[in-house]
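Each chain is listed here by its residues.
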Amino acid sequence: MIKVCKFGGTSMATAESINSVANIIASDKDRRFVVVSAAGKRFKSDEKITDILYACHKEAAEIGVCKSFVKVKDRYDTLKKELGLSIDLEPIYNEIEYRITKETLPDYAASRGEYLSALLIAEKLNYEFIDAETIIKFSDDGTFDAEYTNDIASMLLKDKNNAVIPGFYGAMPNGQIRVFSRGGSDVSGAIVARAVNADVYENWTDVNGFMMADPRIVENPKNIKTLSYKELRELAYMGANVLHPESIFPLKAAGIPINIKNTFEPDNKGTMIMPKTNGNGSEVITGIAGTKGFTAIFIEKSMMNNELGFCRKLLSCIEQLGINIEHMPTGIDTTSVVIHDAELEGKLDILLERIEDAVHPDNIEVFKNLALVATVGHGMSYKAGTAGRLFSALAKSKVNIRMIDQGSSELNIIIGVECADYERAIKAIYEEFVK
């Protein structure tokens, strides 16, 4: 049996947490491949190493030196000393600091926290260190090359008994370092799991898996015991950030299950994420997740349904400005596009003008300060009246629904509410279906 384990920033933050990681690995001989993040926060006001490294790149670009790099050195020197390791980090620091001042893009700087963490963990475990740039490949345009990566990684890892690999980054054909989006060490772990055909991908973090709702909003929400890949995608996309939403893709082809576990409570079973499930036990829903910061553009035009190419013209206006849309609920004479506020920054007025010119609507309205809330679960499609219960619960809590969008698979119901009603909406849905 082969297990691939990824450990997040909180697991890498202190010597104590790293010792916990070492004990977890030692407790199971099947935990043969380890992927690690950069050191995270030790306490609430602390800085993440990755944030410091981004600052280093900015300093190097502006003044030619990275003054903040001393913070990185202090953190890893302290870890080395407290762990009793012998690795000579000084020449490594010198190379990193030099290259940060020479690189035009921030990716190299951002990746060095994972690199340093992996070097320390490899010595601590007496595992082989394998640099991620040798096995994770990006194309010339900076996009991740999944199949080439799998071929390379499979070939290089097949004869390895044990190895530690830094997360978060890989390399382009010219050798330039390229990083995934933040949280991308989860993706790196999934890539390694696929490459070695792992039986389980264990993702170790600081929580006991997925909760049925955000614990900052709902007090002591229930733990989700099992999730399907599809449910994971829906919840992660809507803000349940225990696992990077793109982690599922390397694992999907091989059908490898994911176990979300807590480094600080290793005996807790956490959450199992499987290719398919029949729902979360007796619960009608699996989980609730949401996020704020959206704008809805409401477009009305009589006989819209008979106008050939209407949606194409509308979406072309959006595409030409490089804007991604989140949802597009549609009626006979109306349609809406829901867009994240960050996508519209500095572009809203231009977009409205282009829509006017392209489709000549009878009316356009813009609704800002929207939040989206997704209620997710395979069990929803087997229970009559689920939508009725959801909307009744929201009405009782005096939550005004501005948008409704249900996936064709009946896996989720997404509602749009004003940001002021966001927390109240989540509490109302949870109390209706879970309590």
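Just above, that's the structure.
What counts, and at which threshold
Residues numbered from 1 in each chain as written. Predicted model: local features only at pLDDT ≥ 70, side-chain atom pairs only at ≥ 80, totals over all residues. Heavy atoms only, no water. Helix = DSSP H or I, 4+ residues; strand = E, 2+ residues; numbered from the N terminus. Buried < 20%, exposed > 50% of the residue type's maximum accessible area, 1.4 Å probe, protein only. Contact = heavy atoms within 4.5 Å. Polar contact = N/O pair within 3.5 Å; in protein donor to acceptor, adjacent residues only side chain to side chain. Expected span 1.5 Å × (residues − 1). Arc of directions from axis to C-beta. Salt bridge = Lys/Arg side-chain N within 4 Å of Asp/Glu carboxyl O. Patch = residues over 30% accessible without salt bridge, like charges linked within 9 Å, V, L, I, M, F, W, Y side chains within 5 Å. Areas by Shrake-Rupley, 256 points an atom, 1.4 Å probe, with all protein chains shown as cover. Lys, Arg positive; Asp, Glu negative; His and termini not counted. Charge placed at Lys NZ, Arg CZ, Asp CG, Glu CD. Core = buried A, V, L, I, M, F, W, Y, C linked by side-chain atoms within 4.5 Å. Pairing = 2+ DSSP bridges.

### Observations concerning the environment of Asp131
Next up, step 1: Tracing the backbone shows Asp131 in the loop between β3 (128-129) and α6 (146-157).
Next up, step 2: Of the residues examined, Asp131 reaches a relative accessible area of 14% and is grouped as buried.
Next up, step 3: Once the C-alpha coordinates of Asp131 and Ile165 are considered, the two residues, 34 residues apart in sequence, prove to be 6.0 Å apart.
Next up, step 4: Filtering out sequence-adjacent residues up to four positions away, Asp131 remains in contact with Tyr115, Pro166 and Tyr169.
Next up, step 5: Reaching out from Asp131, the side chain makes a polar contact with the side chain of Tyr169 at a distance of 2.5 Å.

### Things to note about helix α3 (residues 69-83)
An α-helical turn contains 3.6 residues, so any two residues separated by three or four positions project in the same direction.
Next up, step 1: Relative to the 21 Å expected for 15 residues at 1.5 Å per residue, α3 spans 21 Å between its end C-alpha atoms, a close match to the ideal helical length.
Next up, step 2: When we look at burial in α3, the residues that qualify are Phe69, Val72, Lys73, Arg75, Tyr76, Leu79 and Leu83. Down the axis of α3, the buried set is contained in an arc of 165°. They therefore lie on one face. Exposed residues lying more than 90 degrees from the buried face of α3 are Lys81 and Glu82.

### Some words on unusual backbone geometry
Next up, step 1: The phi angle at Asn369 is positive, at roughly 60°, despite the residue not being glycine.
Next up, step 2: Mapping Asn369 onto the fold places it in strand β13 (residues 363-376).
Next up, step 3: Positive phi, normally seen in glycine, also occurs at Lys398, with a value near 60°.
Next up, step 4: With respect to the helices and strands, Lys398 occurs in the loop between α13 (386-396) and β14 (401-406).

### Thoughts on the pattern of salt bridges
Next up, step 1: Inspection of every chain in the model, using the stated rule, returns 20 salt bridges.
Next up, step 2: Residue Lys3 pairs with Asp28 through a salt bridge whose shortest N-O separation is 2.7 Å. Of this pair, Lys3 sits in strand β1 (residues 3-7) while Asp28 is found in the loop between α1 (15-26) and β2 (31-36), placing the two residues 25 residues apart along the sequence. For the pair shown, Lys3 and Asp28 are each scored as buried.
Next up, step 3: Among the salt bridges present, the one from Arg194 reaches Glu147, with a minimum N-O distance of 3.1 Å. Of this pair, Arg194 sits in helix α7 (residues 185-195) while Glu147 sits in helix α6, and the two are 47 residues apart along the sequence.
Next up, step 4: Because the salt bridges share partners, they merge into one network encompassing Lys3, Asp28, Arg31 and Glu202.

### Observations concerning a positive patch on the surface
Next up, step 1: A cluster of basic side chains, namely Lys230, Arg233, Lys252 and Lys276, defines a positive patch on the protein surface.
Next up, step 2: Secondary-structure assignment places Lys230 in helix α8 (residues 229-237).

### Section: the nonpolar core
Next up, step 1: Among the nonpolar cores identified, the biggest contains 126 residues, and Tyr76, Ile100 and Phe210 are the most heavily contacted of them.
Next up, step 2: Discounting residues that sit within four places of it in the chain, Ile100 has contacts with Leu53, Cys56, His57, Ala60, Cys66, Phe69, Tyr108 and Ala109.
Next up, step 3: The next biggest cluster of nonpolar side chains, apart from the first, holds 18 residues, and it includes Ile297, Met304, Leu314 and Leu344.

### Concerning the pairing of β13
Next up, step 1: Strand direction decides the pairing type here: strand β11 (residues 287-300) and β13, joined by 12 bridges, are antiparallel. What sits directly across from Gly287, in β13, is Val376.
Next up, step 2: Across 7 bridges, β13 lies against strand β15 (residues 412-418) in antiparallel orientation. Following the sheet pairing, Thr375 is matched in β15 by Ile413.

Taken by themselves, the reported measurements are silent on function.
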